[in-house]
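# Commentary on secondary and tertiary structure
As a plain string of letters, each chain reads:
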Amino acid sequence: MMNGSTNNTATDTPWTSSSADRMAGMDHAEVRYFTSYDHHGIHEEMLKDEVRTKSYRDAIYQNRHIFKDKVVLDVGCGTGILSMFAVKAGARHVIGVDMSSIIEKARQIVAVNGMSSKITLLQGKMEEVILPFSKVDIIVSEWMGYFLLYESMLDTVLYARDQYLAPGGKIFPDKATIYLAAIEDGEYKEDKIGFWDNVYGFNYSPMKEVALTEPLVDTVEMKALVTDPYPVLTLDLYTVTPADLAFKAPFSLTCKRSDFIHAIIAWFDISFTACHKQINFSTGPHAKYTHWKQTVFYLRDVLTVEGDEIVTGHLENKPNERNKRDLDIRISYAFDASDVARHAEGRCAYKMC
Ligand code: SAH
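Structural notes, computed from the coordinates. Predicted, not measured: the structure shown is a model, and the values here were computed from it.

On to the overall build of the protein chain, then. For the protein chain, the helix and strand inventory stands at ten helices and 15 strands. Its C-alpha atoms give the protein chain a radius of gyration of 22 Å, within 12% of the compact-globule value 20 Å for 353 residues. Dimensions of the protein chain along its principal axes, counting C-alpha atoms only, are 70 × 45 × 30 Å. Taken across its 353 residues, the protein chain has 54% of its residues classed as buried.

Dropping the structure here:
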């Protein structure tokens, strides 16, 4: 999933009247979310993300024995790519559901690939459409947002699971893990945070506040990592509930060298454990680029650390009360340095919107 809604407004979208009818009664944030997927560019970027798309393709093609003669539900089918993978892997029938008008393109794509009799495409919210099957054998979905959960449609996948997945049915993918690590960022003082202290001689601290409360989605170089990664949360898609997505989880970051810590970064790994030979991909700084990049949380204080010292803390996340697609994230940390002068503790609040 791409999560481009922050760059698009409902007004710049060429709605078809049927889309407009379907959107009637939806709140503004929801309309903005779904219309962002009307544009072809967002789908192009997802399809061109080879780590993402090839992982799904491999997970499906390498498991024909699982897909053969099965009924598959593609939650948020977009241009229909996962539905077509499933047909090629031998599925008896695939149902693709998407609220966005991109589904009109999916319909054409499926037709020109000769798969119209195998794939039923339904435009509407997953939570509202009526499926032609009461149960499905397999759910495939690409639901992951920045920081895994931003603008998350995971709730939608869990709804589909609870409503439609047959007992013993499979979910592709079915495991997601969020990792944290701390980084040194040479640009913290001059460019990222310190920049706002003196902008052509003016105090721009209100802008600094933004930089310290909004996480930055950016690529981080491996060499910036000061600590080992820490797996802070693992979601098992067979058992996780929407309530579990508001969480407070402890972390412990072991420093690898003497350095400064300016930020904590997060990324996620994805696994398809149902596969005969498990398929995984990572969106971490050590792995090949993906459109999810990494998420950077700048700290208000700079920590001065030495090798083997440990920064402990908690990561808290909950959907924002007014707009459930936004996230309220808190990172608290405590650092018991060997030298009292370097002790530090802090609590930073972020909003991802
Ligand atoms: N499966 C496609 C698209 C992934 S993007 C691919 O892998 O390329 C996620 C898609 O899910 C978007 O097109 C979005 O419109 C759709 N979506 C998100 N929440 C939905 C919901 N509740 N009901 C229907 N579609 C939804």
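Most of strand β6 (residues 175–183) is tucked away, with seven of its nine residues classed as buried. Where β6 and strand β8 (residues 230–236) come together, six bridges link them in antiparallel fashion. Along β8, the bridge assignment pairs threonine 177 with threonine 234.

Glancing now at the environment of methionine 99. Counting through the fold element by element, methionine 99 comes out in the loop between β2 (93–98) and α7 (102–112). Overall, methionine 99 belongs to the buried group, its relative accessible area being 4%. With 42 residues separating them along the chain, methionine 99 and serine 141 place their C-alpha atoms 14 Å apart. Excluding its chain neighbours within four sequence positions, the residues that come into contact with methionine 99 are Arg22, Met23, Met26, Phe34, Gln123, Gly124 and Lys125.

This part takes up the packing of aromatic side chains. Following the criterion strictly, the structure yields 15 aromatic pairs and no others. Judged by centre distance (5.0 Å) and plane angle (70 degrees), the rings of tyrosine 33 and phenylalanine 34 are edge-to-face. Of the residues examined, phenylalanine 34 reaches a relative accessible area of 10% and is grouped as buried. Between phenylalanine 297 and tyrosine 350, the ring centres sit 5.0 Å apart and the planes meet at 75 degrees, which makes this aromatic pair edge-to-face.

Secondary-structure assignment places serine 55 in helix α4 (residues 50–61). Classification of serine 55 as buried rests on a relative accessible area of 8%. In contact with serine 55, other than residues within four places in its own chain, are Glu50, Phe272, Ile279 and Phe281.

Time to look at the sheet that holds strand β4 (residues 136–141). With parallel pairing, five strands are arranged side by side in an open sheet as β3-β2-β1-β4-β5. A single partner strand is all that each edge strand has here, and the edge strands are β3 (119–123) and β5 (165–172). The mean inter-strand angle of the sheet, taken between neighbouring strand axes irrespective of direction, is 20 degrees. In this structure, β4 lies alongside β5, joined through four bridges in parallel fashion. Residue pairing in the sheet places valine 140 in a bridge with phenylalanine 172 of β5. Its contacts with the sheet place helix α6 (residues 81–88) against β1 (71–75), β2, β3 and β4, and it is angled at close to 175 degrees to β2. Against the sheet, α7 contacts β2 and β3, and its axis sits at roughly 165 degrees relative to β3.

What follows covers the packing of helix α3 (residues 40–48) against α4. It is at 5 Å that the axes of α3 and α4 come closest, and there the two elements cross at 70 degrees. Classified by the interaxial angle, the pair formed by α3 and α4 is roughly perpendicular. For the pair α3 and α4, contact is made by Met46, Leu47 and Lys48 and by Glu50, Arg52 and Thr53, respectively. A class-by-class count of the residues in the contact of α3 with α4 yields two nonpolar, one polar and three charged.

The rules behind each value
Residues numbered from 1 in each chain as written. Predicted model: local features only at pLDDT ≥ 70, side-chain atom pairs only at ≥ 80, totals over all residues. Heavy atoms only, no water. Helix = DSSP H or I, 4+ residues; strand = E, 2+ residues; numbered from the N terminus. Rg over C-alpha atoms; globule rule 2.2 N^0.38 Å. Buried < 20%, exposed > 50% of the residue type's maximum accessible area, 1.4 Å probe, protein only. Pairing = 2+ DSSP bridges. Contact = heavy atoms within 4.5 Å. Phe/Tyr/Trp six-rings, centres within 6.5 Å; stacked < 30°, edge-to-face > 60°. Axes fitted to C-alpha atoms, helices over the stretch in contact; angles between N-to-C directions. Parallel < 35°, antiparallel > 145°, perpendicular 65-115°, else oblique. Nonpolar A, V, L, I, M, F, W, Y, C, P; charged D, E, K, R; others polar.

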